[in-house]
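# Structural overview
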Amino acid sequence: MPRVIPVKFTFAFSDLWFDPAGAQIEAGDHAICETERGLEMGLVTEGVREVSETELRETIGDATLKPIVRKATDEDYDRAEELAAKGDEALPVFRRLAKESGLPIKPVGVEYLFGGERCVCYFAAEERVDFRQLVRDLSRALHERIDMRQIGVREEAALMGGYAGCGQELCCARWETRFEPVSIRMAKEQDLPLNSPKISGVCGRLMCCLRYEFEAYRDFKGRAPKKNAVIDTPLGKARICEYDTPREMLGLRLENGKSIKVPLAGMECSERACKKAEENHCPCRPDTVTRSMLEALESSEVQVALAELDRANGVGQQDFDDSDIVFVSEQRRRRRRAQVAEKKEEAAAKEAERAKRAARKAAKGESAGGDGQRPGRRRRRHHAGEGAEMQECRGAEARQDTRGGGAGAPKATRRRRPGDGGGRQDRQSRPGQGQGQGAEVRAPKERGTKERRDRGADRPRAQRPQQDAKGQPQGGQGAEKPRRRRRRRSNRPKGGGPAAE
């Protein structure tokens, strides 16, 4: 079997196989290899390994396996650095001349071969371009033999490098060596949004990682029931609403609206499903969820639903033995006893304090009064029924003070009450005005008493006579004719002359 060693080059998009030719080279070393373009320096990615003839022909085709010249030395590393710096200096020239030529191309890089045979210019373009005049301009500016090579957008992303939307380095720049085709069907199988910006890479094409899990998704969907299919469960009918392919689980929605997830491995095929699969000559898909699988789920809602189902069906609880009883530990029992004793002590202390307070109050009452009751301050209370008696007492006191006082006695004061004319007294009742000391004080005349009786103000509202807008009674019993207002005479004569003196 032939022995090969893979080598990775800077501007190559896949590993190339070479004949070791007895060179002592391991993975991670740099080697000088002979290619179709001349001598080049590359990185050995793997050690020497044996391959079959079939695999060798599929990889290199009819080409012959070329040998490795030698392992890279310090002088080779220095020369490689000089050529890389020279290529970086030539890239701006390449871009300037491409812009001046007006060709629809995008310069990507310039590579000087290790052997100095030629200078390779890489560019990206959508279509084929006639760059013969550009080659002449580059050869005149760089003084090298120019070789133009057109690459695609994926090769451009691999050469330039970068980071994808996942935050990782681009797969094509890090480890991908082959650009396998990617289709939109792969995104559909993985239930991804068919939005171009979300499923496209930095190169503008579909992301290469879409094909990584495509086979796993296709295999799971081939074994699982289809979406929106109705299956049987111990809790009733359920509809499949979603797939969880990485964990191989199905999302079910029950008749009561609750959602649960069950593994595909725990489902079984009913007789109806098997018969239908035989008729259609297709693999049988499970359509029944077993009770044991639901009991194994770590979901409290499912366990409660199963318990309600058993209760509705009249299934009693299972018998339990003494091993199921959980005893309280001795430490917890002691802690409880201590808490109870502490509460009792607090209650006893409060009761003793309450008794001491009562005894202290009793001792103070005996020292103040002989009957053992503490004399308290009597509070005056005013009652509605005692208003007339209090008024009579106050009137008597006022009369007594007036009789006993002389010219120098203080003047009796009287509080204002409704109906007493603003608290004013009759002039004849005042002491010292035409009367002696023995004169009686006449009570104030209540004004408006007759009018109030006429209006019926002292009677209930329902029995009062009707009144007009001016407050006069209108007809009926007790109604009187309105008094005529007497006009005041003026001293001025009727003729308009001066008033008589």
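Each remark here, short or long, concerns the structure printed above.
Residues numbered from 1 in each chain as written. Predicted model: local features only at pLDDT ≥ 70, side-chain atom pairs only at ≥ 80, totals over all residues. Heavy atoms only, no water.

### A look at the environment of Arg178
To keep it simple, the criterion reads: Only runs of H or I of at least four residues qualify as helices and only runs of E of at least two qualify as strands under DSSP, and these elements are numbered from the N terminus. Any residue under 20% of the maximum accessible area for its type is buried, any over 50% is exposed, and the rest in between are partly exposed; the area is computed with a 1.4 Å probe on protein chains only.
Position of Arg178 relative to the elements: it lies in the loop between helix H5 (171-174) and helix H6 (184-189). When its relative accessible area of 56% is taken as the criterion, Arg178 is described as exposed. Sequence spacing of Arg178 and Phe13 is 165 residues, and the spatial spacing of their C-alpha atoms is 7.3 Å.

### Some details on the sheet that holds strand S8 (residues 119-124)
The condition is simple: Following DSSP output, two strands are said to pair if at least two bridges run between them. Angular values range over 0 to 180 degrees, each being the angle between N-to-C directions of two axes fitted as lines to C-alpha atoms, with helices fitted over their stretch in contact. Working rule for contacts: check all heavy atoms of both residues, and any pair within 4.5 Å makes them a contact.
With respect to topology, three strands assemble into an open sheet ordered S7-S8-S9, the strand pairing being mixed. Of all the strands in the sheet, just strand S7 (106-112) and strand S9 (146-151) have a single pairing partner and so form its edges. Strand-to-strand twist in this sheet, taken as the mean axis angle between neighbours without regard to direction, amounts to 25°. Where S8 and S9 come together, six bridges link them in parallel fashion. Counterpart to Cys119 in the pairing with S9 is Ile146. Sheet strands touched by helix H2 (residues 74-101): S7, S8 and S9. Its angle to S7, the strand with the most contacts, is close to 145°.

### Topic: the pairing of strand S3 (residues 30-34)
Across five bridges, the pairing between S3 and strand S4 (residues 39-44) is antiparallel. Bridging across to S4, Cys33 finds its partner in Glu40. Hairpin connection, S3 to S4: the antiparallel pair is bridged by four residues, and Gly38 has positive phi, about 135°. Both S3 and strand S6 (residues 68-71) contribute to a ladder of three bridges, which runs antiparallel. Note that in S6 the partner of Ala31 across the bridge is Lys71.

### Here's the deal with the pattern of salt bridges
Definition in use: Salt bridges are counted wherever a side-chain nitrogen of Lys or Arg sits within 4 Å of a carboxyl oxygen of Asp or Glu.
Using the criterion set out here, one finds 24 salt bridges in the structure. For Glu46, the salt bridge goes to Arg49, with nearest N and O atoms at 3.1 Å. Judged by relative accessible area, which is 37%, Glu46 ranks as partly exposed. Look at Arg49 and you get partly exposed, because its relative accessible area is 30%. In this structure, the salt-bridge partner of Glu351 is Arg354, at a minimum N-O distance of 2.5 Å. With Glu351 and Arg354 both in helix H12 (residues 330-368) and three residues apart, this pair spans about one turn of that helix. The class for Glu351 is partly exposed, based on a relative accessible area of 49%. Classification of Arg354 as partly exposed rests on a relative accessible area of 45%. Residues participating in the shared-partner salt-bridge network are Arg37, Glu40 and Glu111.

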